[in-house]
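# Observations on the three-dimensional arrangement
Below are the chains, spelled out letter by letter.
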Amino acid sequence: MAASINSLPNEILEFIFSLLPPYEPLEHCAAVCKRWNLLATNVRARKKSNLQKGLIDFNLCWKEILQESTPRIAARFAHASSLHRNSMYVFGGASSCDTTFNDLWRFDLSRREWIRPISMGTYPSPKAGASLVCHNDLLILFGGWQHAYTPFHMCTLIDELHVYNIAENRWTIHNQAYGPPPMTGHSASVHRNKMILFGGYQKNMENLRTSNDIWVLDLERLVWKKPAVSDLKPAPRYGQFQMAIGEDHILVLGGTGGVNRVFNDAWLLDMQRDTWVWKRVQIKNKKSIVTHNWCYPACNVGSKVIVLGPTSPNDFQIIRPNRVPPMGRTRPTAEQLRNRIGAAPHGPMQAGEPNIPPRANLPPPPPAPMQPTLPGPSQGVSPKESNPSSGPGPSKPPSTVNSGVPVVEARPGPSGLRTPSSTAPGPPSRSMPIIRSAFSRQSSEDDHLPKRFNQQNLEHNHMAMVAFSVDSSNHASNASFSHERKLELLRKLEDKISAIRRAKEAEQQQQQQQQQQRHGIREVNNADRSINSTGGSPDPVTPKRVKRNGLAIFVCDVSNLLPTGGAEPCIEWQESKNSGLIAGAPDHYTFSTMINGNGELIVFGGLNKNHKSENLCVSNSVHFLTVPTAVV
């Protein structure tokens, strides 16, 4: 008795169908007979449900498609992509060489290969940052930015509207007299026969600004209109994520309003009435929210929103331990400091001398040099008993008066200049106020800031030698404590050298991890084990956080956006495992795209900037996020 494939049980036959790509091959199986059609439908529904369940249980895996066939798409970022049946369409984008593209590519999800359609009609301009949505058999492309042709001009914003007919393989341009201004970074979604645009970075009357406006495009007549919106609106932004909730609601997540203005809020737009109403959405479990939700890919899978992003805002920083507060710190004595570096003392140290070198906060110097008065026993010394120098010649050794206290001579500042009237008699000196130095007000957070942000402010009416951060009327006190300042500079230099050494060690460990990742043997917890391995060292070495270059997965539940009974809309971010990292995750690329396929998510392209150099790395790799296949 001859056996055939139809003799297999439904469970075995359904498992075989699940190994096929859930696109054209599965459609061919569904066309064989009614039994195969039912099994193929079950496989397609099971893949979608498994993906949603995998997002809840965090049971996912990454797969990369190696492009060995030709043609191959060029690496790019800030491109536009959309899904149509069994293909992912990609248009435009920018390269690392200050160029923009206007090519259209189709990635066949069944064969996992790129195809360059040779289209006809009016091609769009080369641009990046445009929006691309699919409606029936049409691709609607709008907006974007274009690189300048000369290095002295800014990027050009575009307001062109193009429609690509997939069946006819033809581009057509549709420019009306009334429509939105040139823009980029806006978001778009399709509702019935309308395309809704929100936000963006726009150009209005030669002015560039962020926007929170809404524009509606009738996809049947290709006519723009601007609806009436309530007074309560989200803040102007661009780079946000937008998705359709049913047919009459829109959810907007994240975005940015400019430099250092990243939004992590959520807004719901109700379009059921003549006047559209915005509502601010309550966010639950904010500790699991993505920190930079504006330049990373996002898409929706049913009632879940998936965002790829960094694990924490300190991914590219070396974390240093908190220092002891300066007020509770006891500085070593002068004898201990001299013994530490083997330096000779400049003179006897008095008991009343402060630990921190005093700095003067006085008006400009008078014609005659004033003798500074130090706190402690030296306050009894008069200016007549001192021995000031009379010119820019070699300085004399300090002399002692009465109790052996060294009298500090007036010496030229770092510029080596003196006023011509330095020998004229002047008024009697007065005691100098002691102010807190920059060292006493530094904290562990100030070490990461440039010097111009954590240095001490000068008075408005005080002329000082700003280039050297030294008061022009306080040369004597600075010279008196030059030894301690040199020691302080040495300590700071040691801190800088140790920071550079730790940065090099972290970079070497990161390169080793990337090599292991390419060979498929890298584990997610290697970074955590490397951090914990330094805990038992007898030397108090600063613990390091190794850079996690992979993209983490953040999942948000949006099933309660349309509650019943008059409750307020809310969303909830889910807690992820291992900080959202999964083995084989794509590198830390921004401005990439992610679309929802049949039971899998497809991530393409992106930009990766090396934080230690100005080199830009652009990708053309394709990654799939799916559920691991279970063996029967």
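Residues numbered from 1 in each chain as written. Predicted model: local features only at pLDDT ≥ 70, side-chain atom pairs only at ≥ 80, totals over all residues. Heavy atoms only, no water.

## Quick notes on the sheet that holds strand E25 (residues 282–284)
Spatially, 5 strands are ordered E25-E33-E32-E27-E26 in an open sheet, and the strand pairing comes out mixed. The sheet terminates laterally at E25 and strand E26 (298–301), the two strands that pair on one side only. Direction aside, the axes of adjacent strands within the sheet are offset by 25° on average. (Pairing = 2+ DSSP bridges. Helix = DSSP H or I, 4+ residues; strand = E, 2+ residues; numbered from the N terminus. Axes fitted to C-alpha atoms, helices over the stretch in contact; angles between N-to-C directions.)

## Observations concerning the nonpolar core
Among the nonpolar cores identified, the biggest contains 22 residues, and Leu251, Val305, Ile571 and Trp573 are the most heavily contacted of them. Grouped together as the second largest cluster of nonpolar side chains are 21 residues, Leu60, Leu551, Ile582 and Val603 included. (Core = buried A, V, L, I, M, F, W, Y, C linked by side-chain atoms within 4.5 Å. Buried < 20%, exposed > 50% of the residue type's maximum accessible area, 1.4 Å probe, protein only.)

## Notes on the pattern of salt bridges
Close approach of charged atoms lets side chains of opposite charge pair. Across all of its chains, the model carries 19 salt bridges by this definition. For the salt bridge of Lys226 with Asp213, the shortest nitrogen-to-oxygen distance reads 3.6 Å. Here Lys226 is found in the loop between strand E17 (223–225) and strand E18 (228–229), whereas its partner Asp213 is found in strand E16 (residues 207–218), with 13 residues between them in sequence. Among the residues examined, Lys226 registers a relative accessible area of 41% and is labelled partly exposed. A salt bridge links Asp218 to Arg221, with the shortest nitrogen-to-oxygen separation between them at 3.2 Å. Classification of Asp218 as buried rests on a relative accessible area of 16%. According to the relative accessible area criterion, Arg221 is exposed, its value standing at 62%. Taken together, the salt bridges that share partners define one network made up of Glu24, Asp108 and Arg111. (Salt bridge = Lys/Arg side-chain N within 4 Å of Asp/Glu carboxyl O.)

## Observations concerning unusual backbone geometry
Unusually for a residue other than glycine, Asp98 sits at a positive phi of about 60°. Its place among the elements puts Asp98 in the loop between strand E3 (87–94) and strand E4 (100–108). In this structure Asp98 comes out as exposed when scored by relative accessible area, which is 55%. Positioned with a positive phi, Phe591 is a non-glycine residue whose angle comes to about 55°. By secondary structure assignment, the location of Phe591 is in the loop between strand E33 (570–573) and strand E34 (593–596). Judged by its relative accessible area of 31%, Phe591 falls in the partly exposed class.

## Considerations on the side chain of Asp108
If you trace the backbone, Asp108 turns up in strand E4. Other than its neighbours up to four places away in sequence, Asp108 contacts Asn86, Ser87, Glu113 and Ile115. (Contact = heavy atoms within 4.5 Å.)

## Description of helix H3 (residues 34–57)
Taking 1.5 Å per residue as the helical rise, H3 with its 24 residues ought to reach 34 Å, and the 34 Å between its terminal C-alpha atoms agrees with that figure. Residues of H3 that are buried include every one of Trp36, Leu39, Ala40, Val43, Leu51, Gly54 and Leu55, and no others. Just beyond H3, the residue with positive phi is Phe58, at close to 60°. (Expected span 1.5 Å × (residues − 1).)

## Things to note about the pairing of strand E20 (residues 249–253)
The buried count for E20 comes to 5 of 5 residues, which makes it a mostly enclosed element. Residues of E20 alternate between two faces, with His249, Leu251 and Leu253 on one and Ile250 and Val252 on the opposite face, all of them buried. Pairing analysis gives 5 bridges linking strand E19 (residues 241–245) to E20, with the strands arranged antiparallel. Bridge pairing links Ala244 to Ile250 in E20. By the bridge criterion, 5 bridges tie E20 to strand E23 (residues 266–270) in an arrangement that is antiparallel. The partner of Leu251 across the bridge, within E23, is Leu268.

## Examining the confidence of the model for the protein chain
Here the protein chain averages 75 in pLDDT, and 66% of its residues register 70 or above. Low pLDDT (under 50) marks residues 340–478, which in the prediction has 182 contacts with non-local residues, meaning those over four places away or in another chain. Predicted confidence for residues 530–547 stays below pLDDT 50, and this span has 29 contacts to residues more than four positions away or in other chains. (pLDDT = per-residue confidence, 0-100.)

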